[in-house]
Structures are given as structure tokens and as C-alpha cells.
Amino acid sequence: MKPKHQRLLLICSALLGLSISLFLILIAFQDTLVFFYTPSDLLHKKIPPQQRIRIGGFVDLHSTHQRGENVRFKITDHNETIEVNYHGLLPDLFREGQGAVVEGYLLDPTHFQAETVLAKHDEKYMPKEVANCLK
């Protein structure tokens, strides 16, 4: 085989290996990727029930009902509201009227089953995209 053909074969092999590696990396990220939505976004998106997502917004005033470790509350972006069910202990900073992010599964467009609840400590510290979505 000529050196020219050897170089061409080497370059093609390297590109094929790089493509396979990139494909495997993207498949691995797809399993761990969690999308962030506001309650208003959920009305326009068709999200399958088995897809893990995050919903961010403010805890609606007078919406928190706790019975043991079962907690029910509402998250709002001041346009739309979604009811959240959670089983477990809430973070110390969790309060009505404060920001929160919940992670879990959408049961239907108005009900969400949370597996994780994250309380925001200060509404001033927020990425621009999230602040714009909530306004």
C-alpha cells in the first residue's frame, strides 16, 4: 500500500473513531440531562411522563399543606400555577413566596411529582435566562 493511501486510511479511521466517541458521549448525556421549565412553559410543551424535568418559580402563598412527610404546594411564575406533590423533608430555606426549583416527573399539565426540592436563598442571584422567564 502506498504512503498516500495509508495516510488516507489513518485519517478516515481517526474520523470514524471520533464520530463514534461523540455519539456515545451524546447518548450518555441524554440520560442525565434534565431540562428546566417554568409553569407557563409546560402548557406549550408536550413532555412525556417518564421524562425527568425541573420546574422553577415561586412557592404560592397559602398553598403549602403538610401531613407528615407528604407535602403539597403550588409553584407559580405569576402567570400559571402547577401543583407539586413531594414526599420527604423540605429544605430549611423553603418558604411561601420564595423561589424554589423542583425536580421530578410531570403527571399531567397541572400536577407534578417531585423527587427533589431546592430552595433559593436570594432572588437577586439568578441566571439572566431564568429571571427573564419568570418576569
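In the block above lies the structure referred to throughout.
Anyway, here's the lowdown on the structure attached to this text. This structure is a prediction, so every number in the text was calculated from the model and none was measured.

Reading the values: the criteria
- Residues numbered from 1 in each chain as written.
- Predicted model: local features only at pLDDT ≥ 70, side-chain atom pairs only at ≥ 80, totals over all residues.
- Heavy atoms only, no water.
- Core = buried A, V, L, I, M, F, W, Y, C linked by side-chain atoms within 4.5 Å.
- Buried < 20%, exposed > 50% of the residue type's maximum accessible area, 1.4 Å probe, protein only.
- Helix = DSSP H or I, 4+ residues; strand = E, 2+ residues; numbered from the N terminus.
- Salt bridge = Lys/Arg side-chain N within 4 Å of Asp/Glu carboxyl O.

## A word on the nonpolar core
Ranked by size, the top nonpolar core spans 19 residues in total, and within it Leu42, Ile53, Ile55, Phe73, Ile75, Val102 and Phe112 carry the most contacts. Secondary structure elements with two or more residues in this core: strand 2 (52-59), strand 4 (70-76), strand 5 (81-87), strand 6 (99-108) and strand 7 (111-119).

## Re the pattern of salt bridges
A full pass over the atoms with the stated rule returns 4 salt bridges. For Arg52, the salt bridge goes to Glu103, with nearest N and O atoms at 2.7 Å. In this pair, Arg52 sits in strand 2 while Glu103 sits in strand 6, placing the two residues 51 residues apart along the sequence. Close ionic contact of Arg72 with Glu83 constitutes a salt bridge, the shortest N to O distance being 3.4 Å. Of the two residues, Arg72 is situated in strand 4 and Glu83 in strand 5; the sequence distance between them amounts to 11 residues. Residues joined in a network through salt bridges with shared partners are Arg52, Arg54, Glu103 and Glu115.

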